[in-house]
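Next come the chains, spelled out residue by residue.
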Amino acid sequence: KFEFNPKDGIDNPALSLTEDMDGESLGEPRFYLLSKGSSETFGFCLNEELGCQGHVIRQVELGGLAQRRGLQDGDRLLQVNGHFVDHMDHQRVVQKIKASGNQVLLAVLDGNSYEAAKTLGRDLSQMLPADIRPRLCHITQDKSGFGFSVSSPEGKGCSRMLVSWASLVQYPTHPGPPLLPTGVKGTFQLSVQPDGPAARAGVPPGSWLLELNGASVRSYSQAQLARKLKQSGGKVTLLVASSAVEEFYRLRGLRVTAALADTSWLPFKVRELHMVKGPAGYGFLLKEDDCSSGATGQFLWEVDAGLPAEQAGMKEGDRLLAVNGESIEGLDHHETVLRIRAHDDQVTLLVIDPAGDAFYQSVGFGIPVWVHP
C-alpha cells in the first residue's frame, strides 16, 4: 500500500529512484583485460544468486588480479571477449571464461546501475560497442599481389604519407622490395583494394596493422616491414584492428592482443563434436604425443567406423583442445581422460585438424577455444 502526500510525494524510495533515473545517471560499462599465468586464477568468482539479477562478481580476491585491475564485488558481467552474455545461461558463461585460457576481456556494470537499467527496461547490449575485437586475416597473394597498400608516419610529425608498395604488393615478380624511406618507425594503416586478396581475407579498409605472421610491427621501420613481406612466400597472416577498435583500446589504456581476435575469417577452423555414448562407447582412442612446437598434446586416433566419434565428424590426427567448453591446456593425459569421463553418457569436444594446428603454430598464435553461441 502506497500513500500519496502532496508535500512529501510517494513513500516508496524504489519508485522515486526509478522516476529520477532518466538514464544519464546510470554508470558506464567498465572494461578489464585480465592476463594470468597458467598456475594463477583471475581472482574472482561468478555467482548466480537468488533474488539478484545477472551474473554477479563475488569473492574478489584481495591483492588478486581482478582487484588490481579494478573489478568490484557486486559488479554484473555483461560481456566476455566482446560477446554479450547477460542473457545466457550462467554455467555457459562460466565455461566461456574458462575457455578463454589465460587471457580474457570482461565488460561489467556496477550493481546499482545494472538494477536501475533493468528496472527501466533498458537493453543492456546497447550500452556496449558493437565490435571490440581485432581481426586475424590470412592472405594468399594472387597475380595482382596481396591487395593492400600501407601508410606510415612521416618523420616525427603526425601527418601520414601513402607508401604505394605497388612493386611488392601488387606486382610480386618485381626483382626487389620498393625503395622506401628508412628510419621511420610507427604504426601502419592499410588501404585495401576492393575485391582483392586482402579484402576477401576480411581486412577492413583503413584498419591498423598490429602483427605480421605473429610478430608485432609496432617498432618496425618501413624497410623492415617491406623485407618481412618480401620474405613471406606469398602468404601472410595479419592482426588488424579497425580505427574504432584501435581507438577503443587506446582510450582505455588496453593492449590489443591476438588472443582476443575474431578468427572467423581464417581458413582454419576449430570443430565442436558432440557425442552421445553408444553400447560400444564413443569409438576413438586418445593418445598423448608431442606437437610440432615441442609441447605435449592430446590427439585422437583409431576412429571406429559407424560409431559416435565418426558420426560427429572426428578425423584421425585431430588434436583435442577443450572438453565440455573448458580448455585442456596444462592437463596431462590422465586428467584429460577424467574430463571426458566426467559425464557418463555424452561429451562435447573441441578439436582442430593437423593442417589448422600447423598453421596456428607457424604464426605463434594460440588456437582459439572460444565456441560461439
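Preceding block: the structure.
Residues numbered from 1 in each chain as written. Predicted model: local features only at pLDDT ≥ 70, side-chain atom pairs only at ≥ 80, totals over all residues. Heavy atoms only, no water.

### Quick notes on the overall build of the protein
And then number 1: In terms of regular secondary structure, the protein is built from 11 helices and 21 strands.
And then number 2: Per-residue burial for the protein yields a buried fraction of 48% across its 373 residues.
And then number 3: In the protein, the proportion of contacts linking residues at least 24 apart, taken out of those at least 6 apart, comes to 68%.
And then number 4: As displayed, the protein has an accessible area near 19,200 Å², and 50% of this comes from carbon and sulfur atoms. (Helix = DSSP H or I, 4+ residues; strand = E, 2+ residues; numbered from the N terminus. Buried < 20%, exposed > 50% of the residue type's maximum accessible area, 1.4 Å probe, protein only. Contact = heavy atoms within 4.5 Å. Areas by Shrake-Rupley, 256 points an atom, 1.4 Å probe, with all protein chains shown as cover.)

### Thoughts on a negative patch on the surface
And then number 1: A cluster of acidic side chains, namely Glu 288, Asp 289, Asp 290, Asp 332 and Glu 335, defines a negative patch on the protein surface.
And then number 2: Sort the elements by how many residues they give to the negative patch and strand E17 (residues 285–290) lands first, with three residues.
And then number 3: Judged by relative accessible area, which is 53%, Asp 290 ranks as exposed. (Patch = residues over 30% accessible without salt bridge, like charges linked within 9 Å, V, L, I, M, F, W, Y side chains within 5 Å. Salt bridge = Lys/Arg side-chain N within 4 Å of Asp/Glu carboxyl O. Lys, Arg positive; Asp, Glu negative; His and termini not counted. Charge placed at Lys NZ, Arg CZ, Asp CG, Glu CD.)

### What about the nonpolar core?
And then number 1: Ranked by size, the top nonpolar core spans 33 residues in total, and within it Phe 31, Leu 105 and Tyr 249 carry the most contacts.
And then number 2: What Leu 105 contacts, discounting residues up to four positions off in sequence, is Tyr 32, Leu 33, Gln 79, Val 80, Asn 81, Ile 132, Tyr 249, Leu 254 and Leu 260. (Core = buried A, V, L, I, M, F, W, Y, C linked by side-chain atoms within 4.5 Å.)

### Points about the pairing of strand E12 (residues 188–192)
And then number 1: In terms of burial, E12 is a largely internal element, four of the five residues being buried.
And then number 2: The pairing of E12 with strand E13 (residues 208–212) spans two bridges and is antiparallel. Counted as the bridge partner of Phe 188 is Leu 209 from E13. (Pairing = 2+ DSSP bridges.)

### Some details on helix H8 (residues 243–251)
And then number 1: Of all the positions in H8, only Val 245, Phe 248 and Tyr 249 are classed as buried. One side of H8 carries all its buried residues, which in axial view fall inside an arc of 90 degrees. Along H8, exposed side chains directed more than 90 degrees from the buried face belong to Ala 244 and Leu 251.
And then number 2: On the buried face of H8, the contacting elements are strand E3 (30–35), strand E8 (103–109) and strand E15 (235–241).
And then number 3: Among the residues trailing H8, Gly 253 stands out with phi positive, at a value near 65 degrees. (Arc of directions from axis to C-beta.)

### Topic: the packing of aromatic side chains
For any pair of aromatic rings, the description rests on two quantities: the centre-to-centre distance and the angle between the ring planes.
And then number 1: Tallying each qualifying case throughout the model produces six aromatic pairs.
And then number 2: Aromatic pair Tyr 282 and Phe 284: ring centres 6.4 Å apart, planes at 35 degrees, arrangement tilted. With respect to class, Tyr 282 is no different from Phe 284; both count as buried.
And then number 3: Where Phe 359 meets Tyr 360, the ring centres are 5.3 Å apart and the plane angle is 70 degrees; that geometry is what we call edge-to-face.
And then number 4: For Tyr 360, a relative accessible area of 1% corresponds to the buried category.
And then number 5: Ring pairing ties together the aromatic residues Phe 31, Phe 248 and Tyr 249, which thus form one cluster.
And then number 6: Sitting over the face of the ring of Phe 42, Lys 36 holds its NZ or CZ atom 5.3 Å from the ring centroid. (Phe/Tyr/Trp six-rings, centres within 6.5 Å; stacked < 30°, edge-to-face > 60°. Lys NZ or Arg CZ within 6 Å of the ring centre and 35° of its normal.)

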